[in-house]
Amino acid sequence: MAQRPLIPVTSLVSPQTAPRTRTMPNVLLHIIPFYFATLTGIACCSVDDGPFKDKSDIPSIAKYFTTKGRYEEVNPYLRDDILAVNTSILKPPSAQCQQIHLTAVIRHGTRYPTTKNVKKMKKLYNIVVHNATEDHSWLREILTEWKMWYTDDMDGRLVQKGVMDHKHLAVRLSKMFPTLISEEKLRGGFIPFISSSKHRCVNSTVSFIAGLTELWGIKDQEFDYAMNDALMRFFDQCTRFVEEVEDNPLAMTERDKFVEGPEMTRVQQKIADRLGVPYSLITSDMAEAAFYLCAYEFAIKTVNSPWCRLFDMSDALVMEYANDLKQFWKRGYGYDINSKSSCILFHDVFSRLEKAVSENKSGKQVSETATIMVGHAETILPLITLLGFFKDSEPLLSTNFAKQSQRSFRTSRTLPYVANLLLVLYDCGGGDIRLQPMLNEKPILFPGFSGQNASMELYQDVRQHYRDLLHGCDFDAECHMATHFVEL
Ligand SMILES: O=P(O)(O)O[C@H]1[C@H](OP(=O)(O)O)[C@@H](OP(=O)(O)O)[C@H](O)[C@@H](O)[C@H]1OP(=O)(O)O
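Computed from a predicted model, the values in this text were never measured in an experiment. (Residues numbered from 1 in each chain as written. Predicted model: local features only at pLDDT ≥ 70, side-chain atom pairs only at ≥ 80, totals over all residues. Heavy atoms only, no water.)

A. Inspection of the overall build of the protein at higher detail. Looking only at helices and strands, the protein has 21 helices and eight strands in total. Within the protein, the proportion of its 488 residues that are buried is 60%. In the protein, 78% of the contacts between residues at least 6 apart in sequence involve partners at least 24 apart. Carbon together with sulfur atoms contributes 55% to the accessible area of the protein, which is approximately 19,700 Å² in total. (Helix = DSSP H or I, 4+ residues; strand = E, 2+ residues; numbered from the N terminus. Buried < 20%, exposed > 50% of the residue type's maximum accessible area, 1.4 Å probe, protein only. Contact = heavy atoms within 4.5 Å. Areas by Shrake-Rupley, 256 points an atom, 1.4 Å probe, with all protein chains shown as cover.)

Okay, structure coming up:
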């Protein structure tokens, strides 16, 4: 593997010029957004990682931001110490157990809104500026102090907070798994990095690597990563998913019906009342735009912006459910093809586990001690769905919002920025190999397992549990159109 020059993290890669394989980027093109914003005093990219002065800094609705949420809201202890690690949560059955390999599938870090949402946010801002009649301090702040700073070309790019998200995760994982993620293993090429080709994922991968090189002061060696969309953007290449879900307007019927339903209409009316504008101006899209303005201002700039005052807790629960309906029907249990499209990643992950187990068994050095794979929410959610995690007895429908308040399928808790699924292998001696699943640095139970083994199951039992997928789940067969005629 060719060694590459150390990449300064702030020099992020643009989508257009992202080379297939890594060469020194034309930094200027991409650091401008960072520094321009800072120079003009809009601290868009400089994040205050420090502990919050007090709770009012955190929007009371921050824990309902779904896939637009901060990682720290899922792990609140990180608000006070962003590098905190609690190794005691790992309970291998005996002290003999040695970590031998981990595969990590990680979502990119905090990002700007996509162009689609910037347009909606701008439309809402214009509606408020030209129509609001109510007199509240927070509304005066929007009308007199707050400026629309989001631009169309932000296009979901990684922001500085996203760079820090991955740098910090890299350091925490090296503390949690010191024999798997170490300077010696990194320098020795035992830690491969794989990324989706999307700019926010490439830059997250670069940031993760930098988190390690800066931790160990490595200045004399460069580290490579591979871009692999077949693995990290399988959803683009699964024809059946694209035709039956992605490009099929009927596929999101439950979400579309919910955002036209009574719960959302009530939220829209409450927002219109708070602004003092006609109900007709606040559509469900404008309600979503307001919610996203609150979420992005908090995720990117760590501020509790006046836009958050447009929602109370009950409103936020409705907004959360609307996005969870999208995630459920587009990437989760809604349609079988959503999860079956991740078969290629499932097999890749289990083949890496199997390779490590057989190398370890034959006394050979495990060639990949840690495999770091960086993708999207739509990379991780289909995979954890295929594995059967967070499956409720009832599907998420436009008509059962009230019954879904205790659902486990809740992306605010499972899929924030830098969300990560880890599969960690342990050798406990005498051929006793264990597999520990972790989500967002917390051990979870494999579905269907009781946890009597303190959640660290026997590797062979896990393979037995997924035997149908391991012997089936053929990406080409699942994604090929001709063989499937499904009534939607
Ligand atoms: O609502 P937006 O445009 O932000 O949706 C994005 C996806 O963001 P998410 O729904 O996950 O919050 C984005 O996924 P990400 O993990 O990369 O952030 C996805 O790549 C992008 O195409 C948009 O998804 P959509 O399904 O096309 O709306």
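B. Broad picture of the pattern of salt bridges. Scanning all chains against the criterion turns up 37 salt bridges. The partner of Lys 270 in a salt bridge is Asp 312, with the nearest N and O atoms 2.8 Å apart. Remark: Asp 312 occurs in the loop between helix 13 (284-301) and helix 14 (313-330) and Lys 270 occurs in helix 12 (residues 262-275); sequence separation between them is 42 residues. Residue Lys 270 is classed as buried on the basis of its relative accessible area of 15%. Close ionic contact of Asp 315 with Arg 274 constitutes a salt bridge, the shortest N to O distance being 3.0 Å. Placement of the pair is Asp 315 in helix 14 and Arg 274 in helix 12, with a sequence separation of 41 residues. (Salt bridge = Lys/Arg side-chain N within 4 Å of Asp/Glu carboxyl O.)

C. Highlighting the confidence of the model for the protein. Of all residues in the protein, 86% have pLDDT values of 70 or greater, and the mean over the chain is 90. Ignoring residues within four places in sequence, the model shows residues 1-53, a span with pLDDT below 50, making 104 contacts including any to other chains. (pLDDT = per-residue confidence, 0-100.)

D. Looking closely at the site of the ligand. Lining the immediate environment of the ligand, one finds 16 residues, of which Thr 67, Lys 68, Thr 114, Lys 116 and Glu 378 sit closest. Residue His 376 places a side-chain N or O atom 2.7 Å away from an oxygen atom belonging to the ligand. Here the ligand has 540 Å² of accessible area as a free molecule, and 88% of this is covered by the chains. The set of elements that each furnish at least two residues to the shell around the ligand consists of helix 3 (115-131), helix 14 and helix 17 (377-386). For the shell around the ligand, the leading source of residues is helix 14, giving three residues. For the shell around the ligand, the residue count by class is one nonpolar, six polar and nine charged. (Near = heavy atom within 4 Å. Polar contact = N/O pair within 3.5 Å; in protein donor to acceptor, adjacent residues only side chain to side chain. Nonpolar A, V, L, I, M, F, W, Y, C, P; charged D, E, K, R; others polar.)

E. Up close: the state of the cysteines. The full count for this structure, using the stated rule, is four disulfides. Each sulfur in the disulfide pair Cys 238 and Cys 479 lies 2.1 Å from the other. Measuring the twist about the S-S bond at about -100°, one finds the Cys 238-Cys 479 disulfide to be left-handed. Linking Cys 238 in the loop between helix 9 (234-237) and helix 10 (239-246) with Cys 479 in helix 21 (residues 475-479), this pair joins segments that are 241 residues apart in sequence. (Disulfide = S-S within 2.5 Å.)

F. The packing of aromatic side chains, seen in detail. Taken as a whole and judged by the stated rule, the model has 25 aromatic pairs. With 5.5 Å between their ring centres and 80° between their planes, Phe 234 and Phe 235 make a pair best called edge-to-face. By the burial criterion, Phe 234 is buried, and Phe 235 matches it. Between the aromatic rings of Phe 346 and Tyr 466, the centroid separation amounts to 6.4 Å while the plane-to-plane angle is 75°, which identifies the pairing as edge-to-face. Taken together, the residues Phe 346 in helix 16 (residues 343-361) and Tyr 466 in the loop between helix 19 (459-465) and helix 20 (467-470) connect sequence positions 120 residues apart. A relative accessible area of 1% means that Phe 346 is categorised as buried. Lying over the aromatic face of Tyr 292, Lys 68 brings its terminal NZ or CZ to 4.9 Å of the ring centre. (Phe/Tyr/Trp six-rings, centres within 6.5 Å; stacked < 30°, edge-to-face > 60°. Lys NZ or Arg CZ within 6 Å of the ring centre and 35° of its normal.)

G. Quick peek at helix 14. For helix 14, spanning 18 residues, the distance from its first C-alpha to its last is 26 Å, which sits close to the expected 26 Å at 1.5 Å a residue. Of all 18 residues that make up helix 14, 15 are buried, and the element is covered over most of its length. (Expected span 1.5 Å × (residues − 1).)

H. Representation of the packing of helix 3 against helix 4 (residues 137-144) in the model. As a packed pair, helix 3 and helix 4 sit with axes 10 Å apart at the nearest point and diverge in direction by 110°. In terms of their interaxial angle, helix 3 and helix 4 are classed as roughly perpendicular. Across the interface between the two elements, Tyr 125, Val 128 and Val 129 from helix 3 touch Leu 139, Ile 142 and Leu 143 from helix 4. Grouping the amino acids of the contact of helix 3 with helix 4 by side-chain chemistry returns six nonpolar, no polar and no charged. (Axes fitted to C-alpha atoms, helices over the stretch in contact; angles between N-to-C directions. Parallel < 35°, antiparallel > 145°, perpendicular 65-115°, else oblique.)

I. Examining the packing of helix 16 against helix 17 more closely. Where helix 16 meets helix 17, the closest approach of the two axes is 9 Å, and the angle between their N-to-C directions is 75°. Put simply, helix 16 runs roughly perpendicular to helix 17. Contacts from Cys 343, Leu 345 and Phe 346 of helix 16 reach helix 17 at Thr 379, Leu 383 and Leu 386. Grouping the constituent residues of the contact of helix 16 with helix 17 by class yields five nonpolar, one polar and no charged.

J. Representation of the pairing of strand 6 (residues 433-439) within the structure. In terms of residue burial, strand 6 counts as a mostly covered element, since seven of its seven residues are buried. Where burial is concerned, the two faces of strand 6 agree: the one with Ile 433, Leu 435, Pro 437 and Leu 439 and the one with Arg 434, Gln 436 and Met 438 are both buried. As paired elements, strand 5 (residues 420-427) and strand 6 share seven bridges and run antiparallel to each other. Bridge pairing in strand 6 links Tyr 426 to Arg 434. Following strand 5, the chain reverses through five residues before pairing antiparallel with strand 6; Gly 429 in that reversal takes a positive phi of roughly 90°. (Pairing = 2+ DSSP bridges.)

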